Amino acid sequence: MSCRAFGEAIVKASAGDTRGRHSLAQVQALKDVLTALDAQGPGELTLDPALRRPLATALADYPQDLHAMLGGIGIQDFMTKAAPTTPPWKSDDGTYHLTVLTGTLTDVLHAIAQDPHSYALLRLTETRTTGQRLTAVPAGTEGFALSVPPTESARALATLDGVADSVTRDLDTSQATAWRAAVLDALADNRASSTDGLAEAWLQSLRSTAETKRYESLRAQGVDMTRLWAHQRKMDKQTQQGMLAKVERSALSAYREIEP
């Protein structure tokens, strides 16, 4: 089997239904692939170019699970559920979930991100999920329930920032510039659906930003999306300032954990 055919088989075997729900077999298929790939050893994963987009496509079909693994706040017993020999776990609503070890996910993302368009697909997936998670916070929510969604989202986006910088670190200046430009072009050219109001608002702000400053805006995405969200909710100034400070700290912490 060629790598191209193998990639198509991965997508087919792991893709969920039209509601975004996955069977035990579908989740197990993708977990088995990710676990097998990581068997090469920490930091040593390499992928044939033909596998990068299919793996990005497969992961993008699990947006909520990807968000949870990247954000790392809302998963209980994470290490137990993520162990290679542990089967996919089922939540109370009967949904099966994908969870792999943090190191496995990071290595796979780094290998996928060698292709900027595949990275952009995952970045767009997380942008939409962040928008949905923030918008879903009920009015009147306070305290921990209010602060977790934006801080978790900021961690997820900052983790992807770390992946991006770990990829471009290994490139020369012109190659790194081209990689970043390809990612930004892919994001700027995309249009979120009408249901993704917050995501579309951020993407529109990215499009309106001068090209020389777009990558800087990408790095500030977690904070900027939180600011947009706070503005839409008409959050009072003191609450907003406290929230933005937490989000910024959360993003910085997640970025440093990648150690690009």
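Summarised in this report is the structure supplied together with it. Small disclaimer: the values here were computed from a predicted structure and weren't measured.

## A closer look at the overall build of the chain
Across its full length, the chain carries 13 helices and two strands. Here the C-alpha atoms of the chain give a radius of gyration of 18 Å, agreeing with the 18 Å that 2.2 N^0.38 yields for 260 residues. Along the longest, intermediate and shortest principal axes, the C-alpha atoms of the chain span 55 × 50 × 35 Å. Residue burial in the chain is summarised as follows: out of 260 residues, 48% are buried. For the chain, contacts bridging at least 24 residues in sequence account for 74% of all contacts bridging at least 6.

## Considerations on the nonpolar core
Judged by nonpolar contacts, the single largest core of 62 residues is most densely connected at Leu59 and Leu98. No other element matches the nine residues that helix α8 (residues 143-168) contributes to this core. Setting aside chain neighbours within four positions, we find Leu59 in contact with Leu30, Leu34, Leu66, Leu98, Val108, Leu109, Ile112 and Leu122.

## A word on the pattern of salt bridges
Side chains that carry opposite charge are capable of pairing whenever their charged atoms lie near each other. The full count for this structure, using the stated rule, is ten salt bridges. A salt bridge links Arg4 to Glu8, with the shortest nitrogen-to-oxygen separation between them at 3.7 Å. On the criterion of helical spacing, the pair formed by Arg4 and Glu8 is a turn pair, its members being four residues apart in helix α1 (residues 3-14). Notably, a salt bridge pairs Asp165 with Arg219, separated by 2.8 Å at the nearest N-O pair.

## Some points on helix α6 (residues 102-112)
If you check which residues of α6 are buried, you get Thr104, Leu105, Asp107, Val108, Leu109, Ala111 and Ile112. Buried residues along α6 sit against α2 (24-38), α3 (49-60), α4 (63-71), α7 (116-135) and α8.

## Describing the side chain of Ser153
Along the polypeptide, Ser153 turns up in helix α8. Apart from the residues lying within four places of it in its own chain, the contact partners of Ser153 are His67, Glu126, Thr130 and Leu134.

## A few points about unusual backbone geometry
One non-glycine residue, Lys234, lies in the positive phi region at around 55°. By relative accessible area, Lys234 is classed as exposed at 74%.

## Notes on the environment of Ala245
Here Ala245 shows up in helix α13 (residues 237-258). On the basis of relative accessibility, which here comes to 31%, the residue Ala245 falls in the partly exposed class. For the pair Ala245 and Ala50, spaced 195 residues apart in sequence, the C-alpha to C-alpha distance is 41 Å.

## Side note on the environment of His67
With respect to the secondary-structure elements, His67 resides in helix α4. When its relative accessible area of 0% is taken as the criterion, His67 is described as buried. With 59 residues separating them along the chain, His67 and Glu126 place their C-alpha atoms 6.4 Å apart. With residues up to four places along the chain from it excluded, the contact list for His67 reads Gly72, Glu126, Thr129, Thr130, Arg133, Glu152, Ser153 and Ala156.

## Let's talk about the packing of α7 against helix α12 (residues 221-232)
Across the interface, α7 lies against α12 with an axial gap of 11 Å and an inter-helix angle of 30°. It follows from the interaxial angle that α7 and α12 lie roughly parallel. As for the relative orientation of α7 and α12, their crossing is right-handed in sense. Note on element contacts: α12 touches α7 through Gln221, Met225 and Trp229, opposite Arg123, Thr127, Thr130, Gly131, Leu134 and Thr135. Partitioned by chemical class, the residues of the contact of α7 with α12 number three nonpolar, five polar and one charged.

What counts and what doesn't
Residues numbered from 1 in each chain as written. Predicted model: local features only at pLDDT ≥ 70, side-chain atom pairs only at ≥ 80, totals over all residues. Heavy atoms only, no water. Helix = DSSP H or I, 4+ residues; strand = E, 2+ residues; numbered from the N terminus. Rg over C-alpha atoms; globule rule 2.2 N^0.38 Å. Buried < 20%, exposed > 50% of the residue type's maximum accessible area, 1.4 Å probe, protein only. Contact = heavy atoms within 4.5 Å. Core = buried A, V, L, I, M, F, W, Y, C linked by side-chain atoms within 4.5 Å. Salt bridge = Lys/Arg side-chain N within 4 Å of Asp/Glu carboxyl O. Axes fitted to C-alpha atoms, helices over the stretch in contact; angles between N-to-C directions. Parallel < 35°, antiparallel > 145°, perpendicular 65-115°, else oblique. Left-handed = near helix turned anticlockwise from the far one by under 90°. Nonpolar A, V, L, I, M, F, W, Y, C, P; charged D, E, K, R; others polar.

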